[in-house]
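Listed below, chain by chain, are the residues.
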Amino acid sequence: MRAHLLNGTTTEHYRTSVLQGVERVAAALAAADRPFTGVRPDALAPRIDAIDLDRPLGDTAAALEELESVYLRDAVYFHHPRYLAHLNCPVVIPAVAAEAVLSAVNSSLDTWDQSAGATLIERRLIGWTAERLGLGPAADGVFTSGGTQSNLQALLLAREEALGRGAAPDRLRVLTSECAHFSVQKAARLLGLGADAVVAVPADDAKRVSVPALEAELDRCRRSGLTAMAVVGTAGTTDFGSIDPLPELADLAARHRSWLHVDAAYGCGLLVSHRHRRLLNGIEHADSVTVDYHKSFFQPVSSSALLVRDRTALRHATHHADYLNPRRAAAERIPNQVDKSLQTTRRFDALKLWMTLRVMGADGIGTLFDDVLDLARRGWELLDADPRFEVAARPALSTLVFRWLPPEPVGGSPDPAAVDRANLYARKAISASGAAVVSGTTVAGRHYLKFTLLNPLTTPADIAEVLDLLAGHAADQDAGHDGQDGQDGQVGGSLVHAS
Ligand SMILES: *Cc1c(COP(=O)(O)O)cnc(C)c1O
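Everything quoted here is computed from the prediction, not taken from an experiment.

**Structural notes on the side chain of T10**
By the secondary structure assignment, T10 is in the segment before α1 (11-31). Judged by relative accessible area, T10 falls into the buried class, the value being 9%. A distance of 2.8 Å separates the side chain of T10 from the backbone oxygen of L5, its partner in a polar contact. Those residues within four positions of T10 in sequence are excluded, and the remaining contacts are R2, A3 and L5.

Structure, rendered in structure tokens:
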């Protein structure tokens, strides 16, 4: 069994095993002519359940061969130009190479004595990101597992700051847009804030939070003796890519002594954009910012960070454990990142961004992100000119939210419930066929379809073809040709990829 431990005497086994894995993935990528096979959970589960985990195969090649049928063949491939569903990006090769390095060396970023240079590399990248954000000389931050964790930590810091100023714990409020990410709600719950602590402020037609409504809410809090501990703006809402008016938010937050957190999990790609950086103007006033490199920097999951304007705020995440990061170490200025993190053992995810910058440069990433923004604009033009579809809003970044509408019936408008069913069905049918993976959301209570474009290799022709397929499925269902009663919008009775 010792032959499986990675060390200086097993490098040949290491080399061949990793290369065998690489070869399998390369073959799978080359063979994937669609983003998904459409496999259903009930078809895949028996294959996985049948494997006896107490009878090892003893050999990487055999385990990889088995992996073919339980995973690789039916995986969802984000690199495919017709994967249009969620905020998942195709990944850049320098980052994938870094992933192989970081898992093999296996540094842990909690303390200097488990990481050495890895800690300094993470710190450089935090500094680099903070500088791009314009957060000023006292900024700091830490890599996290994702936007959800970054938002949680931001609100933890905001809560502690408010409590430190004497606010009552049961009077705390978080003001954010109705279009904000659900992780804000979840974070508030985890932090023990009350059920009504998050106030969802209405957004305008462009899906940006309404400044007058936010101001009115802040005034209402003040009059009712509530503490608006944080204003959370979103730079790139998950559904619409809309960017809240950041300078106005900064103004209001400052006047009400609220912490301003900007969730740029999606919009952070603008930091390296050549043509659209100005969309983030005002972000430099934030007290904290969430960035997800694994969304718009073409990085593999996980790669994310929380940045703060004032590094002393991170003390709210500090705990000195005698065995790990004693006070003594802080006094000796030993760089222990665990002092700033909610996690203890933590991956060296920063290496992926480092390798990406060292190979491609920030401009390279920015070019790719600008390409998807251009594609979204082209996609919007196609949709806007297409009488089969209605578009919810102009794309602010790279999402398109739209729905299929039946041809105008004689003497009346279509039944909204029937339109919902047709759109739900179209989404599931296209995923089940594997021809494309698209997502959906609701707008004003009605079901819409959604493209999240993050692949620079997707073309307007791909978009046009997927729209034709969607319109075909929707029309079939609407005409009762979906092979069932058409009431539940399901394909073959199973909820395929309905996340
Ligand atoms: C995706 C997203 C999140 C959550 O980030 P994860 O990395 O998935 O945890 C938070 N906010 C916004 C706006 C997002 O789009």
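**Regarding the site of the ligand**
Taken together, 15 residues surround the ligand, and among them G147, T148, D263, D292 and K295 come closest. Between T148 and the ligand, the recorded distance is 2.6 Å, taken from a side-chain N or O atom to an oxygen atom. Separating an oxygen atom of the ligand from a side-chain N or O atom of H294 is a distance of 2.9 Å. For the ligand, whose unbound accessible area comes to 380 Å², protein coverage reaches 85%. Broken down by secondary-structure element, the contributors of at least two residues to the shell around the ligand are α6 (147-164) and α10 (293-296).

**Examining a nonpolar patch on the surface**
Taken together, the side chains of L6, Y14, V18, L19 and V22 make up a nonpolar region of the molecular surface, amounting to roughly 420 Å² of accessible area. Tracing the sequence through the fold places Y14 in helix α1. Classification of Y14 as partly exposed rests on a relative accessible area of 34%.

**Focus on the sheet that holds strand β6 (residues 288-292)**
Reading across the sheet, the seven strands line up as β1-β7-β6-β5-β4-β2-β3 and stay open at both edges, with mixed pairing between neighbours. Two strands lie at the open edges of the sheet, namely β1 (140-144) and β3 (198-201), each paired on one side alone. The average angle at which neighbouring strand axes cross in this sheet is 20°, direction not considered. The pairing of strand β2 (residues 172-177) with strand β4 (residues 227-234) spans five bridges and is parallel. Note that in β4 the partner of L172 across the bridge is T227. Of the strands in this sheet, β2, β3 and β4 are in contact with helix α7 (residues 183-190), which crosses β3 at around 160°.

**Some details on the environment of P395**
Checked against the element boundaries, P395 lands in the loop between β8 (389-391) and β9 (399-404). In this structure the C-alpha to C-alpha distance between P395 and G379, which are 16 residues apart in sequence, comes to 9.1 Å. For P395, the contacting residues outside a window of four places in its chain are A376, R377, W380 and L400.

**Things to note about the packing of α1 against helix α3 (residues 60-70)**
Put simply, α1 and α3 touch, their axes get as near as 10 Å, and they point 15° apart. The angle between α1 and α3 falls in the class roughly parallel. In this structure, α1 crosses over α3, and the sense of that crossing is right-handed. The segment α1 lies against α3, with H13, S17, Q20, G21 and R24 engaging T60, A61, L64, E65 and E68. Across the contact of α1 with α3, the residue classes break down as two nonpolar, five polar and three charged.

Calculation criteria
- Residues numbered from 1 in each chain as written.
- Predicted model: local features only at pLDDT ≥ 70, side-chain atom pairs only at ≥ 80, totals over all residues.
- Heavy atoms only, no water.
- Helix = DSSP H or I, 4+ residues; strand = E, 2+ residues; numbered from the N terminus.
- Buried < 20%, exposed > 50% of the residue type's maximum accessible area, 1.4 Å probe, protein only.
- Polar contact = N/O pair within 3.5 Å; in protein donor to acceptor, adjacent residues only side chain to side chain.
- Contact = heavy atoms within 4.5 Å.
- Near = heavy atom within 4 Å.
- Areas by Shrake-Rupley, 256 points an atom, 1.4 Å probe, with all protein chains shown as cover.
- Patch = residues over 30% accessible without salt bridge, like charges linked within 9 Å, V, L, I, M, F, W, Y side chains within 5 Å.
- Salt bridge = Lys/Arg side-chain N within 4 Å of Asp/Glu carboxyl O.
- Pairing = 2+ DSSP bridges.
- Axes fitted to C-alpha atoms, helices over the stretch in contact; angles between N-to-C directions.
- Parallel < 35°, antiparallel > 145°, perpendicular 65-115°, else oblique.
- Left-handed = near helix turned anticlockwise from the far one by under 90°.
- Nonpolar A, V, L, I, M, F, W, Y, C, P; charged D, E, K, R; others polar.

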